[in-house]
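# Examination of the molecular architecture
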Protein chains: 2
Amino acid sequence: MSISAEADEGKNADNTKVSISMGDFKFKEILGEDAARKVAFVLLDAVNDCSNQAVLIVEKTPFPVNEEDWNTIVSNCSLKIVSTNDIYSNLTLFPPEKFAGIKTTLINPCTEKHILKYRDQKRYVIHETWDDYKSITLPYLEEHQFTLKWIFNLLEHKAEVDRVIFDDPDRQNGFVLALDIKWDGKNLANLYVLAIIRRKGIKSIRRPVY
Amino acid sequence: MSISAEADEGKNADNTKVSISMGDFKFKEILGEDAARKVAFVLLDAVNDCSNQAVLIVEKTPFPVNEEDWNTIVSNCSLKIVSTNDIYSNLTLFPPEKFAGIKTTLINPCTEKHILKYRDQKRYVIHETWDDYKSITLPYLEEHQFTLKWIFNLLEHKAEVDRVIFDDPDRQNGFVLALDIKWDGKNLANLYVLAIIRRKGIKSIRRPVY
């Protein structure tokens, strides 16, 4: 229901989407989840357009590691006691809103390929020969690859400009180093960056084994 | 600051602690944390009594796996847009309060042994002979073991009565099967139960290797 788009249009030049309303969507299916890591991949249907789907990736954030944040949590939380036994109390703690945010990625509109990527599936380790790569893997990659528009947006400074850490513009050996959206932007223990090379057409950096 | 003790005194007969106020404590030290699993072990000092310490164990809860909960989250959350690039939006999602609770265990008063247990430490794998067990491990266990009061509370139905799943009262072979406080009480993928035997004095069930 809530709509509160605060995207900085100057920095996020990809203006096709300046406001997002989760109320436009309804639940369709859990594609996958990891209870230990507190991650879930959820398929959503648009309420008014059954051809429009979205993948919602949610991941709880790590706890802060500094004194100031912890004192804010301790002094501003509310508690619900679940059970008590001797010196051990089992509680549900409701943190101040600042610490209640969930790191979320919305992919919309998403394609069948996105749905397949996030749906739980059996995984295999295989030995691949150079001939296998040429005759099986490469044609598959070329047929099934995702749109690279977000990569070109980043390389051409059309989006995520404020997330770039380093930029070497050389067309042969240059690359852009940027904060990945996997990172929550706060906890250094969790820092996740992405290096994207400027040279085009490279599909694999595996060393062929003959 | 908030005090909202809702312990059911009938079910949690260990009435020495019927209300808990986090405002009585302040941050002292992060003993350990795991950013991937969203867990932290925090040492707290009582504000008015420097000899009174507590260990706070916090762990974010897994996401729900049913349609109703997800539709509540989707229709009642608020959003903050962090960045947008093509079809990918990076957001912070604030869930309804029902889904914002953090599973928490408070150990108070805690001892130096609790602090040591939860403080990050180097871990080793060792080969232990029967003589090592008798001359090193067993004396250490006997000297350093935690108070077992919470276990006897559970075996004697003085606490956590509503968490017991199965109870065989035989003194030699009986045991109590109960929900562990590690479980968030909701997600079956995360279910964690504890079997506590009624026979006393067993310190180890390892098979000695001669």
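Residues numbered from 1 in each chain as written. Chains lettered and ligands numbered in written order. Predicted model: local features only at pLDDT ≥ 70, side-chain atom pairs only at ≥ 80, totals over all residues. Heavy atoms only, no water.

### Some details on the overall build of chain A
Each helix and strand in chain A was counted, giving 4 helices and 9 strands. Reading the helices (α) and strands (β) of chain A from amino to carboxyl end gives β-β-β-α-β-β-β-α-α-α-β-β-β. In chain A, buried positions account for 40% of the 210 residues. Sequence separation of 24 or more characterises 46% of the internal contacts of chain A that already satisfy a separation of 6 or more. Surface exposure of chain A reaches about 12400 Å², of which carbon and sulfur atoms provide 54%. (Helix = DSSP H or I, 4+ residues; strand = E, 2+ residues; numbered from the N terminus. Buried < 20%, exposed > 50% of the residue type's maximum accessible area, 1.4 Å probe, protein only. Contact = heavy atoms within 4.5 Å. Areas by Shrake-Rupley, 256 points an atom, 1.4 Å probe, with all protein chains shown as cover.)

### Focus on the domain arrangement of chain A
Looking at the assigned domains, one finds that chain A contains domain 1 (23-60 + 101-123), domain 2 (62-99) and domain 3 (143-209). Taken over C-alpha atoms, the centre of domain 2 of chain A sits 37 Å from the centre of domain 3 of chain A. (Domains from an automatic or database assignment.)

### Concerning the packing of aromatic side chains
Under the defined criterion, the tally for this structure stands at 10 aromatic pairs over all chains. Note on Y88 of chain A and W150 of chain B: the rings are 6.2 Å apart at their centroids and 70 degrees apart in plane angle, and the pair reads as edge-to-face. Separated into two different chains, Y88 of chain A in strand β5 (residues 88-94) and W150 of chain B in helix α4 (residues 149-155) make up a pair that spans both. You can call Y88 of chain A buried: its relative accessible area is 15%. Among the residues examined, W150 of chain B registers a relative accessible area of 22% and is labelled partly exposed. Taking the centre distance of 6.0 Å and the plane angle of 25 degrees together, the rings of F63 of chain B and W70 of chain B count as stacked. In this structure W70 of chain B comes out as buried when scored by relative accessible area, which is 1%. (Phe/Tyr/Trp six-rings, centres within 6.5 Å; stacked < 30°, edge-to-face > 60°.)

### With respect to empty space enclosed by the protein
All chains considered together, the criterion is met by 4 cavities of 30 Å³ or more. Each pocket or cavity is described by its volume, and for the largest cavity that value is around 90 Å³. Around the largest cavity sit 13 residues that line it, and K60, F99 and A100 of chain A together with K60 and A100 of chain B are the ones nearest its centre. Here the lining of the largest cavity is composed, by residue class, of 8 nonpolar, 3 polar and 2 charged. (1 Å grid on protein atoms, 1.4 Å probe; cavity = no way out; pocket = protein on both sides within 12 Å on 5 of 7 lines; lining within 4 Å. Points joined across faces, edges and corners; volume = space filled by probe spheres on them. Nonpolar A, V, L, I, M, F, W, Y, C, P; charged D, E, K, R; others polar.)

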